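# Chains, contacts and geometry: an overview
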Number of protein chains: 2
Amino acid sequence: MTDTVNRRWLLAKHPEGMPDASCFTLETTPVPVPGPGEILVKARYLSVDPYMRGRIGRSKSYAKGVEIGEVIRGGAVGEVVASNHPAWAPGDIAETMGFGWQEFAVLAPGGSGPDGVRKVDPALAPIESSLSWLGMPGLTAYFGLLDVGRPRPGDTVVVSAASGAVGQIVGQLAKAAGCRVVAIAGSPEKLAWCEELGFDVGIDHRATADLCAALREACPNGVDVFFDNTGGPIHDAVMKNLALHARVVICGRIAVSSQPGPDIGQRFNGHVLVARATVSGFLVFDWWHRHAEAVTRLAALQKAGKLRFREDVLDGIERMPEAFLRLLTGANLGKQLVRVG
Amino acid sequence: MTDTVNRRWLLAKHPEGMPDASCFTLETTPVPVPGPGEILVKARYLSVDPYMRGRIGRSKSYAKGVEIGEVIRGGAVGEVVASNHPAWAPGDIAETMGFGWQEFAVLAPGGSGPDGVRKVDPALAPIESSLSWLGMPGLTAYFGLLDVGRPRPGDTVVVSAASGAVGQIVGQLAKAAGCRVVAIAGSPEKLAWCEELGFDVGIDHRATADLCAALREACPNGVDVFFDNTGGPIHDAVMKNLALHARVVICGRIAVSSQPGPDIGQRFNGHVLVARATVSGFLVFDWWHRHAEAVTRLAALQKAGKLRFREDVLDGIERMPEAFLRLLTGANLGKQLVRVG
C-alpha cells in the first residue's frame, strides 16, 4: 500500500442559507487500518447529492445530521486495497452511501441498508454508474415514479430538474411506460439533453416569465404525474395545473432547502381537493429492500437502449465543496460526481 | 294533492367571503307536475352541507356551480306524492342529492350517481338518516377514512370538526378499527358529545392558544391519520405533528372556503417529505359505485351499537339560509338538517 495519507472533508459550520467554502475544512489524516472482518477502500468517485444539504443543516430531516468536526457523510465507489474479510479481495469494487467525503474508508461488509457495502460488477457498467443510474438516484427515479407516481400510458408526466441525476431516469422511465414527458430544467443546454433523451416538451424555468401559463400550454389535459425534485416556484406552477387524480411525488426540495425559516407561500389544498390528487413524500431508503430488482430492471432497460445517462465530473477531492455548490446552484449538467485518486 | 305552491330558494348573488341572507331569495311557484316516468316528491328533510359553499361561490370546484337565479342544489329525503313510474308509488320514500332547496321536486328515478333517486327503507332507520350517517356524510367518512386514510390498529387518528356530520362517523369507524382518536372541535358541548362517542382525547380549538403544542401532547407518537374536514389553522397544527408514513385526507375546507383570494401561509412539503406522508384530496362521489356496501356496513355497525349519530334540526324551509350559516360558522352540533312540510 503506497498511500499513507487520507484527505477528508469535515463540516466546519452549519450553513444558514446557501453554503459557502467556509462551511468545509479539508483535513489530512493517516490512512485508517482495517480491523478484523473489515476492508479498506480507496475511493474512485465520490457522489454529490442534493440530500447532503439537509444533512449539514440544522433543521430536522429524515437522517441524522452531520455535526461540526465530523466527516461529511456521502456515497462513494472505490477499490478494495486491503481486506480482512473472506468475501472481499484487493481489487474488488465496493460501493456504499456510508463512505464519507474522503479518499479512504474502512468499511465493514454486510448490512442491507443504504450504508451497507455492496460489491459492484465492473462488467455491468462503468463503476461510477453505481452512484448514479444503477445506484441511489436510479432507485429514487425507479421507485418514486413507478411505485408512487404510478404512471399509465397516455399520462402527462412533468419532471423538474429533468436533466439531473434523478430527473433523467424519471423521464426515460416515463417514456418507457408510454407517457408524454414535460421536462423542466434551467438552461438551453439542459433542455437540449432532455430533447436528446426523447422528452416531449422542454420548459426553461429560468427563461419563462409565466411558468404556470407555459405549463398550461404544455399540458392541455393537466398534469397526471408530477415528479418534484425542486420545490419552490416550479412546484407552485405545476400544482395549479393538476389533472383529475394526479399523483405528486415530493422527492426533493433543492430550490428551498437553503432558505432559512418556514416556507411561506400559496397553499394548494384546494387544488388537491378539487383534483382529488395525491401528494406523497418519497424517500428512496424506504424502498431499499428492493435494490436488486431496480438494478436488474434499470440495467435491462439500458441494455435495450432505453436508458442513457449523463454525468458531470470534477477531478480531485479538493473540489468537493465546489461540486456541491455547483449542484445547489444548478450549474451542473447531469449527475454530479468527483473523481479522486 | 292538497299542496299547490312550492317554495324554493334561489341564489340571489355569489357570496364574496362569508355568505349572508342577501345571497338567497325565497320564491313561491306552483307545484310542478311529473311527466311520463317521473315522480313528484315532497321533501321531509333538506340537507345542509359544507360543500354547498363551494357550489354557490365563483371559484372552480369539483362540481358545476349554481348560477344566479337558479334553485340552490342540495340533497333531500321525502315522500312520493304522485308517480308516473311503475316502480314507485305514493308513500314511498325517496332520497337524492339532486333535490334542491325546495319543498317539491319532480324527479326521474334511475341513475346511479349522487343525483340518482334512491328508495329509502323507513324500517332500517329514521328516513333522515339517508341524509346523514346512511347517506353522503356517512359514505364520506367510510371511504375517506377506510380507503384513503387506511387506519391500522394502534394508529392515532386526528379528526377535525369531530362532532360534525362526517367527523362523528370518522371517529367511530376509527375506534371500530382499533385506533386512538383525537377529536378537534369548537366548543365544550361538541367535545362532550365526542367523549360520549368514546373518542380518546378532545381538543377545543377555540379555547387552545397553541394548537400545535396541544396536538404534540395528545399525539406523542405523531399523527398517523389526519382526516381534515376544515383546513385552516387546525390543518396547519396537525401537519407539524405527522408520524412517519402519515396519511392526510383532505376532505373539507370549511375554515377557508369563505376566504377570498389564494390561501397563503406556511407550506408543509418539507414535513410531508420528512414523514414520507401522503396527502390526498378526497371526494365521496368518486366512490359512489360502492354506495350499497357502505350503507350495509354502516347499518350493521349501528345495529351492533358501534355507531351513534347526532343531528341538529331546524324547522321550516324559510330557515335554510340560517341553517347554512350555522354550519359555516360552526354553531350547529351534529349533522345540520332542516325539517319541512
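None of the values given here were measured: they were computed from a predicted structure.

What follows covers the overall build of chain A. Looking only at helices and strands, chain A features nine helices and 16 strands. Against the compact-globule benchmark of 20 Å for 341 residues, chain A has a radius of gyration of 20 Å, which places it among compact chains. Its C-alpha atoms give chain A principal-axis dimensions of roughly 60 × 45 × 35 Å. When burial is assessed residue by residue, chain A has 52% of its 341 residues classed as buried. Contacts in chain A between residues at least 24 apart in sequence constitute 66% of all its contacts with a sequence separation of at least 6.

Attention now goes to the interface of chain B and chain A. Taken together, the contact pairs 27 residues of chain B with 27 residues of chain A. Secondary-structure elements contributing two or more residues to the side of chain B that touches chain A are strand 13 (264-266), helix 7 (269-275) and strand 14 (278-281) of chain B. The element contributing the most residues to the side of chain B that touches chain A is helix 7 of chain B, with six residues. Here the residues of the side of chain B that touches chain A sort into 12 nonpolar, nine polar and six charged. Pairing geometry for strand 14 (residues 278-281) of chain A and strand 14 of chain B, over three bridges, is antiparallel. When the bridges of strand 14 of chain B are listed, Ser280 of chain A appears paired with Thr278 of chain B.

In this structure, Leu46 and Ala183 of chain A together with Leu46 and Ala183 of chain B are the most contacted members of the largest nonpolar core, which totals 208 residues. If we skip the residues at most four places from it in the chain, Leu46 of chain A touches Gly74, Ala76, Trp101, Ile317, Met320, Val338 and Val340 of chain A.

A few words on the pairing of strand 16 (residues 335-339) of chain B. All names here are of chain B. With respect to burial, strand 16 is a largely interior element, four of its five residues being buried. One ladder, built from five bridges, connects strand 15 (residues 311-315) with strand 16; its direction is parallel. Following the sheet pairing, Val313 is matched in strand 16 by Leu337. Once the chain exits strand 15 it traverses helix 9 (residues 320-329) before rejoining the sheet at strand 16, and the crossover so formed is right-handed.

Attention now moves to the pairing of strand 16 (residues 335-339) of chain A. Note on strand geometry: in a regular strand, side chains alternate between the two faces of the sheet. Looking at chain direction, strand 3 (residues 39-47) of chain A and strand 16 of chain A are connected through three bridges and run antiparallel. When the bridges of strand 16 of chain A are listed, Tyr45 of chain A appears paired with Arg339 of chain A.

A few words on the packing of helix 2 (residues 136-149) of chain B against helix 8 (residues 291-303) of chain B. Residues and elements named next belong to chain B. At a minimum axis distance of 10 Å, the contact between helix 2 and helix 8 shows a crossing angle of 95 degrees. One way to sum up the angle between helix 2 and helix 8 is to call them roughly perpendicular. On helix 8, the residues that touch Gly138, Leu139, Tyr142 and Phe143 of helix 2 are His291, Ala294, Arg297 and Leu298.

On to helix 3 (residues 165-176) of chain A, then. Residues and elements named next belong to chain A. Between its first and last C-alpha atoms helix 3 spans 17 Å; for 12 residues at 1.5 Å apiece the expected length is 16 Å, and the two agree. Here helix 3 lies mainly inside the structure; 10 of its 12 residues are buried. Listed in full, the buried residues belonging to helix 3 are Ala165, Val166, Gly167, Gln168, Ile169, Val170, Gly171, Gln172, Leu173 and Ala174. On its buried face, helix 3 sits against helix 2 (136-149), strand 8 (156-160), strand 9 (180-185), helix 4 (188-196), strand 11 (223-228) and strand 16. Following helix 3 by one or two positions, Gly178 adopts a phi angle in the positive range, close to 85 degrees.

Spatial ordering of the open sheet is given by 10(A)-9(A)-8(A)-11(A)-12(A)-14(A)-14(B)-12(B)-11(B)-8(B)-9(B)-10(B), a layout of 12 strands whose pairing is mixed. Edge positions in the open sheet fall to strand 10 (201-204) of chain A together with strand 10 (201-204) of chain B, since each of these has one partner strand only. Pairwise comparison of adjacent strand axes, ignoring direction, gives a mean angle of 15 degrees for this sheet. Across five bridges, the pairing between strand 11 of chain A and strand 12 (residues 242-250) of chain A is parallel. Residue pairing for strand 12 of chain A: Val223 of chain A is matched across the bridge by Leu242 of chain A. Packed on one face of the sheet, helix 3 (residues 165-176) of chain B meets strand 8 (156-160), strand 9 (180-185) and strand 11 (223-228) of chain B and runs near 170 degrees to strand 8 of chain B.

In screw terms, the move from chain B to chain A is a rotation of 180 degrees and a rise of 0.0 Å along the axis, fitting with an RMSD of 0.0 Å. Here the copies are linked by what is in effect a two-fold axis. Most of the interface of chain B is mirrored in chain A, where 100% of its interface residues again form contacts.

Below, the discussion takes up the environment of Val249 of chain A. All names here are of chain A. Positionally, Val249 belongs in strand 12. What makes Val249 buried here is the crowd of 26 C-beta atoms within 10 Å. In the structure, Val249 is positioned 100 residues away from Gly149 in sequence and 6.2 Å away in space, judged by C-alpha atoms. Beyond its immediate chain neighbours, meaning those up to four positions away, Val249 contacts Gly144, Val148, Gly149, Phe226, Phe227, Asp228, Ser280 and Phe282.

For the rest of this paragraph, the subject is the confidence of the model for chain A. Summing up the model confidence of chain A, the mean pLDDT is 95 and the portion of residues at 70 or higher is 98%. As scored by the predictor, the complex reaches a pTM of 0.92 and an ipTM of 0.90.

This part takes up the domain arrangement of chain A. How large an interface is tends to be reported as the accessible area lost when its parts come together. Residue and element names in this part refer to chain A. Per the domain assignment, the segments of chain A are domain 1 (5-132 + 310-339) and domain 2 (136-285). When each unit is reduced to the centre of its C-alpha atoms, the spacing between domain 1 and domain 2 is 28 Å. Taken residue by residue, the interface counts 17 residues in domain 1 and 17 residues in domain 2. For the side of domain 1 that touches domain 2, the residue count by class is seven nonpolar, six polar and four charged.

Residues and elements named next belong to chain A. Within the chain, Arg150 stands out as a residue other than glycine whose phi angle is a positive 45 degrees. Its place among the elements puts Arg150 in the loop between helix 2 and strand 8. Classification of Arg150 by C-beta neighbours within 10 Å gives partly exposed; the count is 15.

Attention shifts here to the environment of Asp121 of chain A. Counting through the fold element by element, Asp121 of chain A comes out in the loop between strand 7 (118-120) and helix 2. Taking the number of C-beta atoms within 10 Å as the measure of exposure, Asp121 of chain A has 13 and is therefore partly exposed.

Calculation notes
- Residue numbers restart at each chain and count upward from 1, following the sequence in its written direction.
- Chains carry letters and ligands carry numbers; both start at the beginning, A for chains and 1 for ligands, and go up in the order they are written.
- Restriction of local features to residues with pLDDT of at least 70 applies here, the model being predicted, together with a cutoff of 80 or more for giving and counting side-chain atom pairs; totals for whole chains, interfaces and linings are based on all residues.
- Comment: elements are numbered from the N terminus, with helices defined as DSSP H or I runs of at least four residues and strands as E runs of at least two.
- The size measure is the radius of gyration over C-alpha atoms, and the globule rule it meets is 2.2 Å times the number of residues to the 0.38 power.
- Here a residue counts as buried when 20 or more other C-beta atoms fall within 10 Å of its C-beta, as exposed when 12 or fewer do, and as partly exposed in between; the C-beta atoms come from the backbone.
- A pair of residues counts as a contact when their C-beta atoms, built from backbone coordinates, are separated by no more than 7 Å.
- For this classification, Asp, Glu, Lys and Arg are treated as charged, while Ala, Val, Leu, Ile, Met, Phe, Trp, Tyr, Cys and Pro are nonpolar and the rest, including Gly, are polar.
- Two strands qualify as a pair provided DSSP detects at least 2 bridges between them.
- What makes a nonpolar core is a set of buried Ala, Val, Leu, Ile, Met, Phe, Trp, Tyr and Cys residues, with links drawn between C-beta atoms within 7 Å.
- For the handedness criterion, the strands are oriented away from the viewer, and a crossover whose path from the first strand over the helix to the second runs clockwise is classed as right-handed.
- Each axis is a line fitted through C-alpha atoms, and for a helix only the stretch in contact is used; angles between axes span 0 to 180 degrees, taken between their N-to-C directions.
- Oblique is the label for any angle not covered by the other classes, which are roughly parallel (under 35 degrees), roughly antiparallel (over 145) and roughly perpendicular (65 to 115).
- How far a helix is expected to stretch is found by multiplying one less than its residue total by 1.5 Å.
- For the least-squares superposition of copies, only C-alpha atoms count, and only for residues with pLDDT at least 70 in both.
- Scored from 0 to 100, pLDDT records how confident the predictor is in each individual residue.
- For every domain, the bounds stem from an assignment made automatically or drawn from a database.

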